[in-house]
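# Residue-level structural notes
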Amino acid sequence: QVQVVESGGGLVQAGGSLRLSCALSERRYSTTVMAWYRQAPGKQRELVAAIRGGGTTNYADSVKGRFSISRDKTFTTTYLQMNSLRPEDTAVYYCKMTVPYGDYWGQGTQVTVSS
């Protein structure tokens with residue numbers, strides 16, 4: 001069974017940094033798109049960042065310039081480097097990996113940024 005495992009969440013002070021990782025368990029598959037979403041209490045899930053097969057990236061306006069998405073050379077692991085964190089970044093972060101047979105979601109990792 002294919003699984004997506006996330007790690008790297010935690011509690012940080014405002015202005016601090018975290019690096020999230022998301023790994024696809026089945027390396028026979030390579031992704032075409034890897035993305036990070038977040039869900040804050042009382043809010044809709046939103047796209048935070050995405051990286052496509054050609055290497056192009058896009059970011060939500062709220063994180064542009066602070067967050068950076070990257071991938072490994074096998075296209076089975078994605079990272080989200082989060083700098084200059086703000087309390088408004090507090091949310092559960094989910095990664096999504098698009099493979100030839102569909103989308104796979106991580107279990108979510110909590111990011112909490114204190115004032």
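Refer to the preceding data block for the structure.
These notes cover the structure that comes with them. All values derive from a computational prediction rather than experimental measurement.

### So, the overall build of the chain
- Counting secondary structure elements, the chain contains 0 helices and 11 strands.
- Listed N to C, the secondary structure of the chain is β-β-β-β-β-β-β-β-β-β-β in terms of helices and strands.
- Taking 2.2 N^0.38 as the reference for a compact globule, 115 residues should give roughly 13 Å; the C-alpha atoms of the chain span a radius of gyration of 13 Å, in line with that estimate.
- The dimensions of the chain, computed from C-alpha atoms along their principal axes, are 45 × 25 × 20 Å.
- Excluding contacts between residues fewer than 6 apart, the proportion of contacts in the chain whose partners are at least 24 apart in sequence is 52%.
- Accessible surface for the chain amounts to roughly 6,100 Å². Of this, 46% is attributable to carbon and sulfur atoms.
- Each charge sign in the chain was given a centre, from 13 positive and 8 negative side chains, and these centres are 4 Å apart.

### Quick word on the nonpolar core
- Core analysis: the largest hydrophobic core is formed by 29 residues, its most contacted members being W36, V48, F67, L80, M82 and Y93.
- Elements supplying a minimum of two residues to this core: β3 (18-24), β4 (33-39), β5 (46-52), β7 (67-71), β8 (77-82), β9 (91-99) and β11 (109-114).
- Here this core takes 5 residues from β9, the largest share from any one element.
- Sequence-distant contacts of V48, defined by excluding residues within four places in its chain, comprise W36, Y37, R38, N58, Y59, A60, V63, F67, L80 and Y93.

### Things to note about the pattern of salt bridges
- For the structure shown, the criterion picks out 4 salt bridges.
- D89 is paired through a salt bridge with R38; the nearest N and O atoms lie 3.0 Å apart. On the criterion of sequence distance, the pair formed by D89 in the loop between β8 and β9 and R38 in strand β4 is long-range, its members being 51 residues apart. Exposure class is identical for D89 and R38. Each is buried.

Here is what the cut-offs are and how they apply
- Residues numbered from 1 in each chain as written.
- Predicted model: local features only at pLDDT ≥ 70, side-chain atom pairs only at ≥ 80, totals over all residues.
- Heavy atoms only, no water.
- Helix = DSSP H or I, 4+ residues; strand = E, 2+ residues; numbered from the N terminus.
- Rg over C-alpha atoms; globule rule 2.2 N^0.38 Å.
- Contact = heavy atoms within 4.5 Å.
- Areas by Shrake-Rupley, 256 points an atom, 1.4 Å probe, with all protein chains shown as cover.
- Lys, Arg positive; Asp, Glu negative; His and termini not counted.
- Charge placed at Lys NZ, Arg CZ, Asp CG, Glu CD.
- Core = buried A, V, L, I, M, F, W, Y, C linked by side-chain atoms within 4.5 Å.
- Buried < 20%, exposed > 50% of the residue type's maximum accessible area, 1.4 Å probe, protein only.
- Salt bridge = Lys/Arg side-chain N within 4 Å of Asp/Glu carboxyl O.

Function cannot be inferred from these measures alone, as they are strictly geometric.
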